[in-house]
Amino acid sequence: MLVPALLALSFCFRGRAGPSPRFLQQPEDLVVLLGQEARLPCALGAYRGLVQWTKDGLALGGERDLPGWPRYWISGSAASGQHDLHIKPVELEDEASYECQASQAGLRSRPARIHVLVPPEAPQVLGGPSVSLTVGVPGNLTCRSQGDARPAPELLWFRDGIRLDGTTFQQTLLEESTTGSVESILFLTPSSHDDGATLICRARSQALPTGRDTAITLSLQYPPVVTLSAEPQTVQEGEKVTFRCQATAQPPVTGYRWAKGGSPVLGARGPRLEVVADPSFLTEPVSCEVSNAVGSANRSTALDVQFGPILQAKPEPVFVDVGQDATFSCAWRGNPLPRVTWARRGGAQVLSSGPTLRLPSVRPEDAGDYLCRAEPRSLGLGGGTAEARLTVNAPPVVTALHSGPAFLRGPARLQCAVFASPAPDSVVWSWDEGFLETGSRGRFLVETFTAPEVQGGDGPGLISVLHISGTQESDFTRAFNCSARNRLGEAGAQLYLGRRDLLPTVRIVAGAAAAATTLLMVITAVVLCCWRHSKASFSKQKKLVSIPGSSDGSTSRGPEEETGSSEDQGPSVHTDHRDLILDEEGAQETKDPTNGYYKVRGVSVSLSLGEAPGGGLFLPPPSPIGLPGTPTFYDFNPQPDMVPPCRLYRARAGYLTTPHPRAFTNYMKPPSFGPPDLTTGTPPFAYAAFTTPSHQRLQTHV
């Protein structure tokens, strides 16, 4: 009951006193620059009492001029309730929380805080105002702002009014206060174009939005900047080319170095180089390196050298099985690029164009050499050819080779040629009772040799030889098989041994020997005849016939004259026995030159048959066996003073040339000679009627 009564009493009392005091305006937070004036407003309504300001809870006083605070005062009309707080100039210590209080009314405004802003100082760039850097070498520029700037300033970099990126911002707070130094580092890799450039570091903050700038100038050292040129740039192989190397540098250039394809060019030191162009300059550029105290730089350039085809990748031999595809490839280089075609050796047909040749489903006849030709697209640059062999793997090809005939029981040889790719696993000789691959077996021996290469053949070749020692009859009738096998198949050939008889060979040799002997005898006889003819002389006595007898004179006869004419008697045959030695002792002493073959008893007989020229009887010249000084021929008048050649004349036939007028026969001497019968038709000598010897053989000895 008491509380409601008090409330009702208070309401009644207020109703009689009028409106209650209140804030018409309260202070708010204020940001003010250091050194400027700060004003915090405060207005009260329906209040006529004491008004005062507090700073961080400390009362400043009730007087309007605030004694003790020389930079503080209160402005406005107290009657109208205006109580504004002024601070001028604002200092850092003025940054605090302020309240406006109506003490008698028990009113307090909301606190208002004053923030004092301190503008930044002009920043400093380390190393400025001229900073030295090296072109191409990463470097940094440091800009620093120190002091009590509030808030901390922002450091920015500018070049030609354009803000630069790539900076790092760093702030260092002082221990005694909330402010400190601020740094900004700009990282950059300068180029030669940056030499003499001006960079600005700007420090700005809320206290100084426009900021404060510090400018620096870049002074750069840089290695040479090189320019390389060639004259002419496009050349043909063998022409001269001049390279020129120009460079700018800070500090100046100290040296030049030339290289080709990375290898130094010996003897080249200056800014000019002369060379003779070749194909290597197209792929191995020429470079010029220029140096100074800071560093070095180089430039390179490649020439456009025109040249003919050069083989880069040679086609490789190809081995494929029958029915498979074969592929060749080759690579040529040239400037301009050559035109590449494929053909088979010996053929004019172009099989393919380009670096690859594909032969589908090859057959054995496709084996051979294939050519990869390169033809230049520009005149005068020449061409090129490369080849590779295609070997078609197939079953062996066995060929029987010619083998000469053999003698019975003599050596023999059979041989065959084997061509195969892949090489044969074995080459086997077989016959009726056996087979042999290598080595020997009884009378048989096998040898294998490498065959000469055959152009476009069937693959690597072998020659297999079967040697037979002591041939038998069965060897000439049986078949010998030469067979070869590889992984693709088997093939063989059948051979027969030819026979050579001994008898025809003996006959040929004997005939040749006889012919040679006969020819030798004829030549010897002719030489002897001519020799004797040159030694003979005619005797002055005529119509005499002398028959030398034995040593005791028992067989000696006087000369007789033949009676009758030749016309009555027909052809006369006269036998001149003037060389006949009838001395038995002499006969026994004379040796038989036939060693008893014709039973000759040492009798020398000279025969001359026929008519002499001029109608006389011709007798042969004297025999060296006759007695010296004895007439040796019988003749009729007229007789020309000449000696006919050594001939054996057959009546009514003609002259037959004989090797020698002397001969040995198997004539047997009679026991005695009777007186001659000189009747008509009777030969003047008894022994002229002797029968012809039973052996009609003539043996001539030298």
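Residues numbered from 1 in each chain as written. Predicted model: local features only at pLDDT ≥ 70, side-chain atom pairs only at ≥ 80, totals over all residues. Heavy atoms only, no water.

(A) Summary view of the packing of aromatic side chains. Within this structure, the stated rule accounts for 7 aromatic pairs. Here the aromatic cluster, defined as three or more aromatic residues joined through ring pairs, consists of F328, W342 and Y370. One cation-aromatic arrangement involves K260 over F281; the distance from NZ or CZ to the ring centre is 4.7 Å. The ring of F476 has R499 sitting right over it, with the charged end atom 5.3 Å from the ring centre. (Phe/Tyr/Trp six-rings, centres within 6.5 Å; stacked < 30°, edge-to-face > 60°. Lys NZ or Arg CZ within 6 Å of the ring centre and 35° of its normal.)

(B) Highlighting the sheet that holds strand β43 (residues 480-486). The strand order β39-β38-β43-β44 describes an open sheet built from 4 strands, whose pairing is antiparallel. Of all strands in the sheet, those with a lone pairing partner are β39 (434-436) and β44 (489-495), marking the two edges. Sheet twist, expressed as the mean angle between neighbouring strand axes with direction ignored, is 25°. (Pairing = 2+ DSSP bridges. Helix = DSSP H or I, 4+ residues; strand = E, 2+ residues; numbered from the N terminus. Axes fitted to C-alpha atoms, helices over the stretch in contact; angles between N-to-C directions.)

(C) Structural view of a nonpolar patch on the surface. Together, L519, I523 and V527 line one region of the surface with nonpolar side chains, adding up to about 290 Å² of accessible area. For L519, the position within the fold is in helix α3 (residues 503-535). Note on L519: relative accessible area 53%, which makes it exposed. (Patch = residues over 30% accessible without salt bridge, like charges linked within 9 Å, V, L, I, M, F, W, Y side chains within 5 Å. Areas by Shrake-Rupley, 256 points an atom, 1.4 Å probe, with all protein chains shown as cover. Salt bridge = Lys/Arg side-chain N within 4 Å of Asp/Glu carboxyl O. Buried < 20%, exposed > 50% of the residue type's maximum accessible area, 1.4 Å probe, protein only.)

(D) Structural context of the state of the cysteines. What the rule picks out here adds up to 5 disulfides. Sulfur-sulfur distance for the disulfide between C143 and C201 comes to 1.7 Å. One quick way to see it: the torsion about the S-S bond of C143 and C201 is about -90°, and its sign makes the bridge left-handed. Taken together, the positions of C143 in strand β14 (residues 139-145) and C201 in strand β19 (residues 198-205) put the pair 58 residues apart, joining distant regions of the chain. Judged on exposure class, the residue C143 and its partner C201 are both buried. Disulfide partner of C245: C288, at an S-S distance of 2.1 Å. Classification of the bridge connecting C245 and C288 rests on its S-S torsion, roughly -90°, and on that basis the disulfide is left-handed. Note that C245 is positioned in strand β22 (residues 240-250) and C288 in strand β26 (residues 286-291), a separation of 43 residues in sequence. Per residue, the accessibility class of C245 equals that of C288, and both read buried. C530 takes part in no disulfide bond, and the closest cysteine sulfur to it belongs to C529, at a distance of 5.4 Å. (Disulfide = S-S within 2.5 Å.)

(E) Seen up close, the side chain of Q101. As for its position among the elements, Q101 is in strand β9 (residues 97-102). A distance of 3.4 Å separates a polar atom in the side chain of Q101 from a polar atom in the side chain of E99. Apart from the residues lying within four places of it in its own chain, the contact partners of Q101 are L50, V51, Q52, T54, L107 and R108. (Polar contact = N/O pair within 3.5 Å; in protein donor to acceptor, adjacent residues only side chain to side chain. Contact = heavy atoms within 4.5 Å.)

(F) Here's a closer look at the confidence of the model for the chain. Residues of the chain with pLDDT of at least 70 account for 70%, and the chain-wide mean is 76. Taken together, the stretch residues 596-670 has pLDDT below 50 and engages in 159 contacts with residues farther than four places along the chain or on a different chain. Residue range residues 672-702 is modelled with pLDDT below 50. Its contacts to residues more than four positions away, or to other chains, number 46 contacts. (pLDDT = per-residue confidence, 0-100.)

(G) The nonpolar core, seen in detail. Core analysis: the largest hydrophobic core is formed by 23 residues, its most contacted members being L40, W53, Y72, L85, I87, Y98 and I114. Elements with a minimum of two residues in this core: β3 (38-40), β5 (51-55), β7 (72-75), β8 (84-87), β9 and β11 (112-117). In this structure, L85 is in contact with A38, R39, L40, W53, L60, L66, Y72, W73, I74 and Y98, ignoring residues within four places of it in sequence. Grouped together as the second largest cluster of nonpolar side chains are 21 residues, V427, V446, F476 and C482 included. (Core = buried A, V, L, I, M, F, W, Y, C linked by side-chain atoms within 4.5 Å.)

(H) Broad picture of the pattern of salt bridges. Summed over all chains, the structure comprises 28 salt bridges. Residues E99 and R108 are paired through a salt bridge, measuring 2.9 Å at the closest nitrogen-oxygen approach. Overall, E99 belongs to the buried group, its relative accessible area being 16%. For the salt bridge of R443 with D475, the shortest nitrogen-to-oxygen distance reads 2.9 Å. With R443 in the loop between β40 (439-441) and β41 (444-450) and D475 in the loop between β42 (461-468) and β43, the pair connects residues that are 32 residues apart, well separated along the chain. The network of salt bridges with shared partners includes R71, E91, E93 and D94.

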